[in-house]
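The lines below spell out each chain.
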Amino acid sequence: MAAVARSFGSEREAEPVKEARVVGSELVDTYTVYIIQVAVGSHEWTVKHRYSDFYELHEKLVAERKIDKNLLPPKKIIGKNSRSLVEKREKDLEVYLQTLLAAFPGVAPSVLAHFLHFHLYEINGITAALAEELFEKGEQLLGAGEVFAIGPLQLYAVTEQLHHGKPTCASGDAKTDLGHILDFTCRLKYLKVSGTEGPFGTSNIQEQLLPFDLSIFKSLHQVEISHCGARHIRGLVASKPTLATMSVRFSATSMKEVLVPEASEFDEWEPEGTALEGPVTAVIPTWQALTTLDLSHNSISEIDESVKLIPKIEFLDLSHNGVLVVDNLQHLYNLVHLDLSYNKLSSLEGVHTKLGNIKTLNLAGNLLESLSGLHKLYSLVNLDLRDNRIEQMEEVRSIGSLPCLEHVALLNNPLSIIPDYRTKVLAQFGERASEVCLDNTATTEKELDTVEVLKAIQKAKEVKSKLNNPEKKIIEDSRLSAAPCIRPSGSPPSVAPTSASLPQPILSNQGILGDE
C-alpha cells in the first residue's frame, strides 16, 4: 500500500487513476446483483448494485450532465436472470462505468460518486461529504458541546487535500467547500478518532497505517484516539496550550510516540523550562494544560523520560501494557491517581520515591509477590492488588500502618484462599481495622470482634516472647525510648475516588459520520 505510506512532505502527485470493474454477480431473491470492484490508486473496495440502480443513476446523469441516453445497456423483461444475459450485461455495465469515469476524470458528479461509494473511500468524495455534513450541522454540534467522532480515513483525506493544494470546492457546490471543515475543526473542543482493527469496510484500506495531521484542531480540550498508528499522527502538539484530557488506546508502542512525536527529529531534547546542562539539540514545550492521560491497552514497555513533558498530570492510566518497572514518575508532583494494572511488574522496591503524593494506586494483574516499597506511601487512600502472587500474610503488614488507607483489594491472590482471610488481613491494620474496606466489602461487627481476639492473641505471643528473651526485651525497650516519634506531615488527604479507572470522559453521541 504505497499510497498509505506516503509522507506529508512529498511533492504534489497527479490525480490517481480511477477504475471500476464488474467482477461477478449473485442472485438475490428474484433479481441479480452485480459485484463492482472500484480502484482509486492503491485503494480498492467492493460495491454491489442491481440493474435498477444503474438505470436510476443513468436517468439522473442524462438529466444533469446530458450524457448519451443510449450508453446504458437496455432493460430486459424476459430471461433477465439467465446466465447468458447476466454475463453479457456484466461486460456491458463495466464498459458503461469505465466510460463515465473517463468522462469525469477529476471530481465525479455527486450521484456517480455516491453510486461508487466515493463518499466512503475516495479522498474527494470523503471530504465533500464531510464538508456538506458540517455545513448543515456544524454549528449545532459546536453549540451542543458534544464529542465529535471521525475516522482516520476521513482525517487522512482532509490532510491529503490540504497537502496537495487542491481547490477547496472542486465540485462547484458551495456546500462541499473544504472551508466548512476548517472552520469547524479550529473551534472544536471534544474530538474522538476511532479506527478499525482490520480492513475498513469492504476495502483494502488499513486505517492504522494512514498518516494524518491534527494541526487543524486549534482549541481541543479533550481527545480520544483508538486503533490508529500513533507514529503516523502529526499535529497534535498544536493543542498543547488547551488540551486537558487525552486518551490514546490500541495505538502506541511507547509513551514517547504520543508525548514527543517531534523527538524523532532530534538526537537530544529537554522540556521547556529545564535548567539545561551540556549540548541540547531541541527544547520541547510541555503539555501545560494536560491533567488526565489514558494510555491503556497499548504496547508500552517502559515509563520513559517523556513524562517530564506532562508536569501537571493528575490522573495517569497505563493499564494493560507491558510495563516492567515503575520509573521516572518522580517528575509528576501532581500525580494522585495511577493505574498500572495488568502490566508485568514484579517488584515495588523504592516505589515510594517515585509516588510521594499518590492517593489511588491500581496494581491489579501484575506479578507481585512482595509489597515492600508501599510502606511509605503515606497519602495512599485506595489500593488495588487483585490478581497478583501474594502468598504471605506478613506482606500485608507493609501497608497495615499506612495512615490514610481506606480501600484495599486482595482477591485472587494465593493468600485470599486461606481460612479466615478477611479477619487476618484486617488484623494487620490494628486500631484502624474498622476504617478499612476490604475487597469492596464493608467490615462487619462480627469481623471486628474476631480481629480484637486475633490482636489479643498476637499481643500475648509478643509478651511471652519478650519474657522468654529478657535481653532482647531490654534492647528493644532502650531502642524504643531513644527513637523519635515520626508522624506523616500535614493533615490526611481527602478521599480519592474508589474506582481504579480514570475519570470517564464526556459521553459522545454518535458522530455525524458514525462511531466505532
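The rules behind the values
Residues numbered from 1 in each chain as written. Predicted model: local features only at pLDDT ≥ 70, side-chain atom pairs only at ≥ 80, totals over all residues. Heavy atoms only, no water. Helix = DSSP H or I, 4+ residues; strand = E, 2+ residues; numbered from the N terminus. Buried < 20%, exposed > 50% of the residue type's maximum accessible area, 1.4 Å probe, protein only. Pairing = 2+ DSSP bridges. Core = buried A, V, L, I, M, F, W, Y, C linked by side-chain atoms within 4.5 Å. Contact = heavy atoms within 4.5 Å. pLDDT = per-residue confidence, 0-100. Expected span 1.5 Å × (residues − 1). Arc of directions from axis to C-beta. Phe/Tyr/Trp six-rings, centres within 6.5 Å; stacked < 30°, edge-to-face > 60°.

J.: Please explain unusual backbone geometry as it appears in this structure.
T.: Keep in mind that most residues, glycine aside, have a negative phi and that most peptide bonds are trans. Positive phi outside glycine occurs at Asp-29, with the angle close to 55°. Residue position: Asp-29 is located in the loop between β1 (18-28) and β2 (31-40). Look at Asp-29 and you get exposed, because its relative accessible area is 67%.

J.: Would you mind going over the sheet that holds strand β9 (residues 245-249) with me for this structure?
T.: For sheets, the rule is that strands pair by backbone hydrogen bonds, running either parallel or antiparallel. The parallel open sheet is built from 11 strands, whose spatial order is β4-β5-β7-β9-β12-β13-β14-β15-β16-β17-β18. The open sheet has two free edges, formed respectively by β4 (148-150) and β18 (437-438), since each of these has just one partner strand. As paired elements, strand β5 (residues 190-194) and strand β7 (residues 222-226) share five bridges and run parallel to each other. Following the sheet pairing, Lys-192 is matched in β7 by Glu-224.

J.: Which parts of the structure should I look at to understand the nonpolar core?
T.: Across soluble globular proteins, nonpolar side chains show a tendency to be buried alongside one another. Ranked by size, the top nonpolar core spans 87 residues in total, and within it Leu-191, Met-246, Leu-363, Leu-374 and Ile-399 carry the most contacts. In terms of residues, this core owes the most to one element, helix α5 (residues 123-144), which gives five residues. Every residue in contact with Met-246, bar those within four places of it in the chain, is listed here: Val-223, Leu-236, Val-258, Leu-259, Trp-287, Leu-290, Thr-292, Leu-293 and Asp-294. Residues Ile-36, Trp-45, Tyr-51 and Ile-205 belong to the second largest nonpolar core, which totals 36 residues.

J.: Teacher, can you tell me more about the confidence of the model for the chain here?
T.: Should pLDDT be low for a region, the predicted coordinates there are not to be read in detail. In this model, the chain carries a mean pLDDT of 85, and residues with pLDDT of at least 70 account for 82%. Residue range residues 1-12 is modelled with pLDDT below 50. Its contacts to residues more than four positions away, or to other chains, number 26 contacts. Under a pLDDT of 50 for its full length, residues 479-516 has, in the predicted model, 66 contacts with residues more than four places off or in other chains.

J.: When you look at helix α1 (residues 51-65) in this model, what are you seeing that I'm missing?
T.: Helical geometry: 3.6 residues make up each α-helical turn, so side chains three or four residues apart lie on a common side. The first and last C-alpha atoms of α1 sit 20 Å apart over 15 residues, in line with the 21 Å expected at 1.5 Å per residue. Listed in full, the buried residues belonging to α1 are Tyr-51, Phe-54, Leu-57, His-58 and Leu-61. Seen end-on, α1 carries its buried residues on one side only, within an arc spanning 115°. Against the buried residues of α1 lie β2, β3 (43-50), α2 (83-103) and α3 (110-115). Just past α1, the residue Lys-66 takes up positive phi, approximately 60°.

J.: Explain the packing of aromatic side chains here, please?
T.: Think of a pair of aromatic rings as described by two things: how far the centres are apart, and how the planes are tilted against each other in angle. Applying the stated criterion to the full structure yields five aromatic pairs. Geometrically, the ring pair formed by Phe-54 and Phe-115 is edge-to-face, given 5.0 Å between the ring centres and 70° between the ring planes. With Phe-54 in helix α1 and Phe-115 in helix α3, this residue pair connects regions lying 61 residues apart in the sequence. Phe-115 matches Phe-54 in its accessibility class, with the two residues each being buried. Between Tyr-121 and Phe-200 the ring centres are 5.7 Å apart and the planes differ by 70°, which places this aromatic pair in the edge-to-face class.

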